[in-house]
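Working through the structure, step by step
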Amino acid sequence: MTRVVVALSCLILVASIGVLVTPARIVSAQQAPLHLNPAIEKLAHGQSIIGIQTDDMSLQNCHSLARVDFDYAYVDMEHGPLNLDGLAYCLAAMVDKAAVLKKGNAQPNVALFARFPAYGRDLESNDWIVKQALDIGLMGIIFNGVDNKEQMTRLIQYMRYPQQRTSKYQQPPGLRGYAPGNATFAWGIPAAEYERRADVWPLNPEGDLLAIPMIETAEGLKNVNEIASVPGVGAIFIGAAGDLHQYLGVPQDSAEVEQARQTILAACKAHNVACGITALSKADVDKRLKEGWKMIRTGRGE
């Protein structure tokens, strides 16, 4: 009789633990993010993203980047050496097991993007850069000096795989070659899931890649509305307008440059595209966020 009572007590205890544990697991699954790209996760919910720039691909810096209190970081290889080995090394160093265990899913705390030497006008003969960057496992690319809609459409094509016949998002057709081995390792997901997620957002609402053109020339400024209208543009970035003021032929602090910023911001708002700018002080960050900029590049500690 005693054994029966003990056995029943154990069954009741196990059942009670199951009741306590199972809902927690269900809640955890329900709270899994729609996007593995944390920057897109925020943008998709109408929130702003804050990030930083670096050219330091050392182990220590990339470990640090994985845990900074920002949404993204980008490696500037436009003005530094084109070092794809270093970029792959940095991305591997940003794979943070502790963060994965804490979150319970594969979404990193910080998405890694990069800028490359080629300009929008040059990338048709340098499309391999886009392929290499994405196969390494980047979650976004910042494209320097995009001047028109045709250039931007081509860049979107380079970021996309050719679509399955059943895809609802056929246009513009993808041109990316398929070899995602390094990317699947960095993202922490199987190849089939990577293939599903490795598309440009918001063209594909489930996509986890950000295509970010920079408006840096007078021609790009003239065509900014057309560029913003290209399906797959996730954000437009102006940075500090260092190149743009030179193309406009005026000092960087001139009223004409600020007018250009506002023209770009208006185009972003008209096409529901996040607009990005460099803001290095808290006051400037606050000002730009209030104006409606959704992507801020700042400095560490700002």
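Now for a description of the structure that goes with this document. (Residues numbered from 1 in each chain as written. Predicted model: local features only at pLDDT ≥ 70, side-chain atom pairs only at ≥ 80, totals over all residues. Heavy atoms only, no water.)

Brief notes about empty space enclosed by the protein
Considering all chains together, one arrives at 1 cavity of 30 Å³ or more under this definition. The space that makes up the largest cavity amounts to roughly 50 Å³. Forming the boundary of the largest cavity are F116, A118, L123, I129, V130, I141, I142 and F143. Taken together, the elements giving at least two residues each to the lining of the largest cavity come down to β3 (111-119), α6 (127-136) and β4 (140-144). At 3 residues, the largest contribution of residues to the lining of the largest cavity is made by β4. Taken together, the residues that form the lining of the largest cavity break down as 8 nonpolar, no polar and no charged. (1 Å grid on protein atoms, 1.4 Å probe; cavity = no way out; pocket = protein on both sides within 12 Å on 5 of 7 lines; lining within 4 Å. Points joined across faces, edges and corners; volume = space filled by probe spheres on them. Helix = DSSP H or I, 4+ residues; strand = E, 2+ residues; numbered from the N terminus. Nonpolar A, V, L, I, M, F, W, Y, C, P; charged D, E, K, R; others polar.)

What about the packing of aromatic side chains?
Tallying each qualifying case throughout the model produces 4 aromatic pairs. With a centroid separation of 6.0 Å and an interplanar angle of 75 degrees, the aromatic rings of Y74 and F237 are classed as edge-to-face. Within this pair, whereas Y74 is found in strand β2 (residues 72-76), its partner F237 is found in strand β6 (residues 235-237), the two being separated by 163 residues in sequence. When sorted by exposure, Y74 lands in the same class as F237, which is buried. (Phe/Tyr/Trp six-rings, centres within 6.5 Å; stacked < 30°, edge-to-face > 60°. Buried < 20%, exposed > 50% of the residue type's maximum accessible area, 1.4 Å probe, protein only.)

Examining unusual backbone geometry
In the segment running from Q171 into P172, the intervening peptide bond is cis, with an omega of -5 degrees. As for its placement among the helices and strands, P172 is situated in the loop between α7 (149-159) and α8 (181-187). Following W201, the chain continues into P202 via a peptide bond in cis, with omega recorded as 10 degrees. Take P202: it is sitting in the loop between α9 (191-197) and β5 (210-213). Unlike most non-glycine residues, N272 shows phi in positive territory, near 55 degrees. Looking at the element boundaries, N272 is found in the loop between α13 (255-270) and β7 (274-278). Looking at N272, the relative accessible area reads 72%, which means it is exposed.

Some points on the pairing of β3
Across a regular strand the side chains alternate sides, sitting on one face of the sheet and then on the other. Judged by how many residues are buried, β3 sits mostly within the fold: 7 of 9 residues are covered. For β2 and β3, the ladder comprises 5 bridges, and the chain directions are parallel. Across the sheet, the residue bridging to Y74 is F113, located in β3. Pairing analysis gives 4 bridges linking β3 to β4, with the strands arranged parallel. Bridge pairing in β4 links Y119 to N144. (Pairing = 2+ DSSP bridges.)

Some words on the state of the cysteines
Within this structure, the stated rule accounts for 2 disulfides. Between the sulfur of C268 and that of C275 lies a disulfide, 2.5 Å long from S to S. Because the sign of the S-S torsion sets the handedness, a value of about 55 degrees for the bond joining C268 and C275 places this disulfide among the right-handed ones. Of the two residues examined, C268 and C275, each falls in the buried class. Cysteines bonded in the protein chain are numbered consecutively along the chain; their disulfide partners then correspond to 1-2, 3-4. (Disulfide = S-S within 2.5 Å.)

Some points on the environment of E291
For E291, the location among the structural elements is in helix α14 (residues 282-291). For E291, a relative accessible area of 22% corresponds to the partly exposed category. In this structure the C-alpha to C-alpha distance between E291 and Q262, which are 29 residues apart in sequence, comes to 9.2 Å. With near-sequence residues (within four places) excluded, E291 lies in contact with E258, Q262, L265 and K269. (Contact = heavy atoms within 4.5 Å.)

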